Amino acid sequence: MSAVTIKSAQELEYMREAGRILASVHQTLGDALCEGMSTLEIDTLGEEIIRSFGCEPSFLNYMGYPASVCVSVNDEVVHGIPREDHIITNGDIVSLDIGVIYKGYHSDAARTHGVGEISPEAQALIDVTRESFFAGIEQATAGRHLNDISSAIGDYATKRGYGVVRDLVGHGIGTHLHEEPEIPNYRKWRRGIKLQPGMTFAIEPMINIGSPNVVWMDDEWTVVTEDESLSAHYENTIIITDGRPEILTLTESEKHLWTN
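(A) Inspection of the overall build of the protein chain at higher detail. A count of helices and strands for the protein chain gives 4 helices and 15 strands. Against the compact-globule benchmark of 18 Å for 260 residues, the protein chain has a radius of gyration of 17 Å, which places it among compact chains. Principal axes of the C-alpha set define a box for the protein chain whose edges measure 45 × 45 × 35 Å. For the protein chain, the proportion of its 260 residues judged to be buried stands at 53%. Pairs at least 24 residues apart make up 69% of the contacts formed inside the protein chain by residues separated by at least 6 positions. Accessible surface for the protein chain amounts to roughly 11400 Å². Of this, 49% is attributable to carbon and sulfur atoms. Measuring between centres, the 19 positive side-chain charges of the protein chain sit 13 Å from its 40 negative side-chain charges.

What follows is the structure, given as structure tokens:
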């Protein structure tokens, strides 16, 4: 297993800019999302926005993934492959997972959006998934352990009756999209690594209304809930600091949620 990297001051500046750009991509793409769009149109627009900043999409051709934006709808948890014939309809919830590369450094973030009028149950799922992320990063301070983050995320969601996906996890991030360590969204017995300033993580709760169990579709990418219940995804790239963690990928409309 490779070591968890501590980023230099210059590396952190590159990652901050990668995060700022990704936040802008999410804001623009989320505002454009509407009923009648195909998931392929969403991906095409997302790639155009990424490249308009002079950046590269992190996901395009990564381990064979064929798109720039993972577009996952309703019971699709993650890694939905955009298609021309998959049309967004009123009441859908749509998760957009996006990464950008700026000067060799990655940022990674996901948001789940409701389209048109969504059910109260769907809105509650989106809200709890986001809130579980913030519960987790309240624990993301130097001197604590990785499991403090994981436990806070999982406990927040499970106490509210939701299923926390166990087969997919967050991760370290930097010059590679996926670095050590893996970051579960549920409590484990081992404490995990001690957090140090300069560590950079992608924290990403994936929460289901029903069972936590998931299955992979025949395309070998799209992950769906086993019981066909709705799923939501919320992710940000963060920096561990001497104080509160720094969130790099908050959109303009989200900045009131966290003060570094």
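(B) How the structure looks around the nonpolar core. Ranked by internal contacts, the top residues of the largest apolar core, which has 22 residues, are Val25, Leu29, Ile42, Val94, Leu96 and Ile98. Those elements giving two or more residues to this core turn out to be helix H1 (9–32), helix H2 (39–52), strand S2 (69–73) and strand S4 (93–102). Not counting the four nearest positions on each side in its chain, isoleucine 98 is found in contact with Leu22, Val25, His26, Leu29, Ile50, Phe59, Ser68, Val69, Ser107, Asp108 and Ala109. Membership of the second largest hydrophobic core comes to 18 residues, among which are Phe134, Ala140, Ile149 and Tyr234.

(C) Summary view of the sheet that holds strand S3 (residues 76–78). Strands sit in the order S3-S12-S11 across an open sheet of 3 strands; the sheet is antiparallel. Each edge of the sheet is formed by a strand with only one pairing partner; in this case those strands are S3 and strand S11 (214–216). Ignoring which end each strand starts from, the neighbouring axes of this sheet average 40 degrees apart. Two strands pair when backbone bridges link them, and S11 and strand S12 (residues 223–225) are joined in this way by 3 bridges, in the antiparallel orientation. Its bridge partner being in S12, valine 215 is matched across the sheet by valine 224.

(D) Inspection of H1 at higher detail. Across its 24 residues, H1 extends 35 Å between first and last C-alpha, which sits within 8% of the 34 Å expected from 1.5 Å per residue. Summarising the contacts, the buried residues of H1 are in contact with H2, S2, S4, strand S5 (105–114), strand S9 (200–203) and strand S14 (236–239).

(E) Focus on the packing of H1 against H2. Where H1 contacts H2, the two axes come as close as 10 Å, and the packing angle between them is 150 degrees. Classed by the angle they form, the pair H1 and H2 counts as roughly antiparallel. Taken as a pair, H1 and H2 cross one another with a handedness that is right-handed. Residues Val25, Thr28, Leu29 and Ala32 of H1 form the contact with H2, whose participating residues are Ile42, Leu45, Gly46, Ile49 and Ile50.

(F) Region of interest: the layout of surface pockets. Of the pockets and cavities examined, the largest pocket occupies roughly 530 Å³. Lining the largest pocket are 24 residues, with Tyr62, His79, Val169, His171 and His178 sitting closest to its centre. For the lining of the largest pocket, the secondary structure elements donating two or more residues are strand S7 (170–172) and strand S8 (179–183). Here the lining of the largest pocket takes 4 residues from S8, the largest share from any one element.

(G) Up close: the pattern of salt bridges. All chains considered together, the criterion is met by 12 salt bridges. Close ionic contact of arginine 83 with aspartate 85 constitutes a salt bridge, the shortest N to O distance being 2.8 Å. With relative accessibility at 39%, the residue arginine 83 sits in the partly exposed group. Its relative accessible area of 59% is what places aspartate 85 among the exposed residues. The salt bridge partner of glutamate 252 is lysine 255, with a shortest N-O separation of 2.8 Å. Linked through salt bridges whose partners overlap, the residues forming this network are Glu13, Arg16 and Glu246.

(H) Here's a closer look at the sheet that holds strand S6 (residues 163–164). The strand order across the open sheet built from 3 strands is S6-S10-S13, with neighbouring strands paired in antiparallel fashion. The sheet terminates laterally at S6 and strand S13 (231–233), the two strands that pair on one side only. Note: strand S10 (residues 206–208) against S13, 3 bridges, orientation antiparallel. Each bridged residue has a counterpart across the sheet, and for isoleucine 207 the counterpart in S13 is alanine 232. On the sheet, helix H3 (residues 120–137) packs against S10 and S13 and is oriented at approximately 40 degrees with respect to S13.

What counts, and where the lines are drawn
- Residues numbered from 1 in each chain as written.
- Predicted model: local features only at pLDDT ≥ 70, side-chain atom pairs only at ≥ 80, totals over all residues.
- Heavy atoms only, no water.
- Helix = DSSP H or I, 4+ residues; strand = E, 2+ residues; numbered from the N terminus.
- Rg over C-alpha atoms; globule rule 2.2 N^0.38 Å.
- Buried < 20%, exposed > 50% of the residue type's maximum accessible area, 1.4 Å probe, protein only.
- Contact = heavy atoms within 4.5 Å.
- Areas by Shrake-Rupley, 256 points an atom, 1.4 Å probe, with all protein chains shown as cover.
- Lys, Arg positive; Asp, Glu negative; His and termini not counted.
- Charge placed at Lys NZ, Arg CZ, Asp CG, Glu CD.
- Core = buried A, V, L, I, M, F, W, Y, C linked by side-chain atoms within 4.5 Å.
- Pairing = 2+ DSSP bridges.
- Axes fitted to C-alpha atoms, helices over the stretch in contact; angles between N-to-C directions.
- Expected span 1.5 Å × (residues − 1).
- Parallel < 35°, antiparallel > 145°, perpendicular 65-115°, else oblique.
- Left-handed = near helix turned anticlockwise from the far one by under 90°.
- 1 Å grid on protein atoms, 1.4 Å probe; cavity = no way out; pocket = protein on both sides within 12 Å on 5 of 7 lines; lining within 4 Å.
- Points joined across faces, edges and corners; volume = space filled by probe spheres on them.
- Salt bridge = Lys/Arg side-chain N within 4 Å of Asp/Glu carboxyl O.

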